[in-house]
Amino acid sequence: QSREKTYRLLIEGSRTGLIISRISDLAVLHVNQKFCIDSGFSFDEALALSTEEFLNDWDYQQIETLFSALLNHPKGQQQWTYQSGDLVHKNGSIFPVKAWTHVTEWEGEPVFATVVLDISEQQRIEQALSASEQKYRQLFDALPDSVALFDEAGILIDCNQEMASSHGWSREELIGQPVALL
């Protein structure tokens, strides 16, 4: 019994969301605290929903196809199926997730256990990094002087457009070449 208590504490204290859904009707049987935080639903509200109600732009056929693949996997092997997509927050907004689902038992009943990782912050950071890189590239290429960056072995890793043009090459042709080429 102490082992079960330990497992419950691990599930509830996890930094990823967890949804346990009955296979027969996709009713939600359990969610952990992290899922409630990410989705905005209380534990009781989440239990009153079906898995389908959390999914954004997934029709029943897509869900059936995913779950069919899990159910038809050879017995005795745990098969995790990865999906990325969007979930619906209680307030109606959409948030991106990575999710891994597999078939297991919950209180003696076959269920789908889905681990859900909210990647909203990761996507925000990636977009900010992309915008920053784009600004850097524009400034770098707008410099009137030739500029080249080399690694410690003397291999060109980047150059601006002026450097490439002044040597009669494209940037793509210069990158990866040794400094001796110039």
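Below: a short report on this structure. (Residues numbered from 1 in each chain as written. Predicted model: local features only at pLDDT ≥ 70, side-chain atom pairs only at ≥ 80, totals over all residues. Heavy atoms only, no water.)

### Regarding the environment of Ser93
(1) Moving on: Within the secondary structure, Ser93 is located in the loop between strand S3 (81-88) and strand S4 (94-106).
(2) Moving on: Since its relative accessible area comes to 34%, Ser93 is described here as partly exposed.
(3) Moving on: Residues Ser93 and Ser39 lie 54 residues apart in sequence; the distance between their C-alpha atoms is 9.4 Å.
(4) Moving on: Apart from the residues lying within four places of it in its own chain, the contact partners of Ser93 are Leu87 and Val88.
(5) Moving on: A distance of 2.6 Å separates polar atoms of two side chains, one belonging to Ser93 and the other to Asn91. (Helix = DSSP H or I, 4+ residues; strand = E, 2+ residues; numbered from the N terminus. Buried < 20%, exposed > 50% of the residue type's maximum accessible area, 1.4 Å probe, protein only. Contact = heavy atoms within 4.5 Å. Polar contact = N/O pair within 3.5 Å; in protein donor to acceptor, adjacent residues only side chain to side chain.)

### So, the environment of Ala99
(1) Moving on: Tracing the backbone through its elements, the reader meets Ala99 in strand S4.
(2) Moving on: As a C-alpha pair, Ala99 and Thr6 span 93 residues in sequence and 24 Å in three-dimensional space.
(3) Moving on: Setting aside residues up to four positions removed in sequence, Ala99 forms contacts with Thr81, Tyr82, Gln83, Thr114 and Val115.

### A word on unusual backbone geometry
Excluding glycine, residues mostly carry a negative phi; peptide bonds, for their part, are mostly trans.
(1) Moving on: Phi at Leu26 takes a positive value of approximately 65 degrees, unusual for a residue other than glycine.
(2) Moving on: Even without a glycine there, the phi angle at Glu107 is positive, about 50 degrees.
(3) Moving on: Tracing the backbone through its elements, the reader meets Glu107 in the loop between S4 and strand S5 (109-118).

### Section: the pairing of strand S2 (residues 28-31)
(1) Moving on: Sheet analysis places strand S1 (residues 17-22) next to S2, joined by three bridges and oriented antiparallel. Across the sheet, Ile19 pairs through a bridge with Val31, a residue of S2.
(2) Moving on: Hairpin connection between S1 and S2: a loop of five residues separates the two successive antiparallel strands, and Leu26 in this loop has a positive phi of roughly 65 degrees. (Pairing = 2+ DSSP bridges.)

### Quick look at the pairing of S3
Every other side chain in a regular strand lies on the same face of the sheet, so the side chains alternate between the two faces.
(1) Moving on: Pairing analysis gives eight bridges linking S3 to S4, with the strands arranged antiparallel. Bridge pairing in S4 links Val88 to Ile94.
(2) Moving on: Between S3 and S4, which pair antiparallel one after the other, the connecting turn spans five residues, and Gly92 there sits at a positive phi close to 95 degrees.

### Comments concerning the pattern of salt bridges
(1) Moving on: For the structure shown, the criterion picks out 10 salt bridges.
(2) Moving on: Taking the shortest distance from any N to any O, the salt bridge between Arg22 and Glu109 comes out at 3.8 Å. Of this pair, Arg22 sits in strand S1 while Glu109 sits in strand S5, and the two are 87 residues apart along the sequence.
(3) Moving on: Classification of Arg22 by relative accessible area gives partly exposed; the value is 23%.
(4) Moving on: Here Glu121 makes a salt bridge to Arg124, at a shortest N to O gap of 2.6 Å. One end of the pair, Glu121, and the other, Arg124, are both in helix H6 (residues 120-142), three residues apart, so they sit about a helical turn from each other.
(5) Moving on: By relative accessible area, which is 46% here, Arg124 ends up partly exposed. (Salt bridge = Lys/Arg side-chain N within 4 Å of Asp/Glu carboxyl O.)

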